Amino acid sequence: MLTVEPYIFYKGNCREAMEFYKSAVGAEILFSQTVGESPMSGMSDPNNIMHATIKIGNSTLMMSDNCEPGDVPTGTQISLAIGLRDTAKAKEIFDNLAEGGSITMPLEKTFWAESFGMLTDKFGVKWLINSEAPRPTE
């Protein structure tokens, strides 16, 4: 099943934001992993959040600390994330969205996904495409 979810990048205060959302709106932390807990531990501050998922009501919000060099202007740190379990469909969507845009990270296998890529479409919208490996029962 194809889903589109917001993905917010923070300036080193993702953990603080998660705790704030937890107390402010009753968010439930479903997953949280630091850079130091991941195979990419040398990428940035090991205490930064590599990836987290929280649930607010019926909505899912994904987030992490920004690991890109340089400062990201406030208001531009939101991307749309597409998650699915079909690598061929992920490639099709990635290629379609990349047409006339720019690829930040090519769609490729990672330690967490069968394929993952990042791009900015021709309208300036940032996208994350993530395809999990098919499960044995699928």
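Here the structure is a predicted model, which means the values were calculated and not measured.

Of all 7 residues in strand 4 (residues 59-65), 5 are buried, a share of seventy percent or more. Two elements, strand 3 (residues 49-56) and strand 4, share 5 bridges in a ladder whose sense is antiparallel. The residue of strand 4 that forms the bridge with Ile 54 is Leu 61. Counted along the chain from strand 3 to the antiparallel partner strand 4, the turn is 2 residues long, and its residue Gly 57 has a positive phi close to 60°.

Summarising the element assignment, Ser 131 is placed in strand 8 (residues 126-131). Excluding anything up to four places from it in sequence, Ser 131 contacts Leu 84, Arg 85, Asp 86, Thr 87, Ala 90, Ala 113, Glu 114 and Ser 115.

The next thing to look at is the sheet that holds strand 7 (residues 115-120). Read across the open sheet, the 8 strands follow the order 2-3-4-1-5-8-7-6; overall the sheet is mixed. At either end of the open sheet lies a strand with only one pairing partner, and these are strand 2 (28-34) and strand 6 (102-108). In this sheet, adjacent strand axes meet at a mean angle of 20° when their direction is disregarded. Bridge count between strand 6 and strand 7: 4 bridges; the pairing is antiparallel. Pairing of Glu 108 across the sheet is with Phe 116, part of strand 7. Lying on the sheet, helix 1 (residues 14-25) is in contact with strand 1 (3-10), strand 2, strand 3 and strand 4; it crosses strand 3 at an angle near 10°. Helix 2 (residues 87-98) contacts strand 5 (78-84), strand 6, strand 7 and strand 8 of the sheet and is inclined by roughly 170° relative to strand 6.

Here we come to the confidence of the model for the protein chain. The predicted structure's coordinates, where accompanied by low pLDDT, should not be read in detail. Confidence in the prediction of the protein chain, expressed as mean pLDDT, is 86, and 88% of residues score 70 or more. Per-element mean pLDDT across the protein chain ranges from 87 in strand 5 up to 96 in strand 6.

The next subject is the environment of Leu 80. Turning to its location among the elements, Leu 80 is positioned in strand 5. Spatially, the C-alpha atoms of Leu 80 and Pro 6 are 4.8 Å apart, while their sequence positions differ by 74 residues.

Quick look at the pattern of salt bridges now. For the structure shown, the criterion picks out 5 salt bridges. In this structure, the salt-bridge partner of Lys 22 is Glu 19, at a minimum N-O distance of 4.0 Å. Of this pair, Lys 22 and Glu 19 both sit in helix 1, 3 residues apart, which is roughly one turn of the helix. For Lys 22, a relative accessible area of 42% translates into the label partly exposed. Overall, Glu 19 belongs to the partly exposed group, its relative accessible area being 40%. Across the pair Asp 95 and Lys 91 runs a salt bridge, and its minimum N-O distance is 2.7 Å. A residue pair is termed a helical-turn pair when its members lie 3 or 4 positions apart in one helix, as Asp 95 and Lys 91 do in helix 2 at 4 residues. Overall, the relative accessible area of 38% leaves Asp 95 in the partly exposed class.

Rules and cut-offs
- Residues numbered from 1 in each chain as written.
- Predicted model: local features only at pLDDT ≥ 70, side-chain atom pairs only at ≥ 80, totals over all residues.
- Heavy atoms only, no water.
- Buried < 20%, exposed > 50% of the residue type's maximum accessible area, 1.4 Å probe, protein only.
- Helix = DSSP H or I, 4+ residues; strand = E, 2+ residues; numbered from the N terminus.
- Pairing = 2+ DSSP bridges.
- Contact = heavy atoms within 4.5 Å.
- Axes fitted to C-alpha atoms, helices over the stretch in contact; angles between N-to-C directions.
- pLDDT = per-residue confidence, 0-100.
- Salt bridge = Lys/Arg side-chain N within 4 Å of Asp/Glu carboxyl O.

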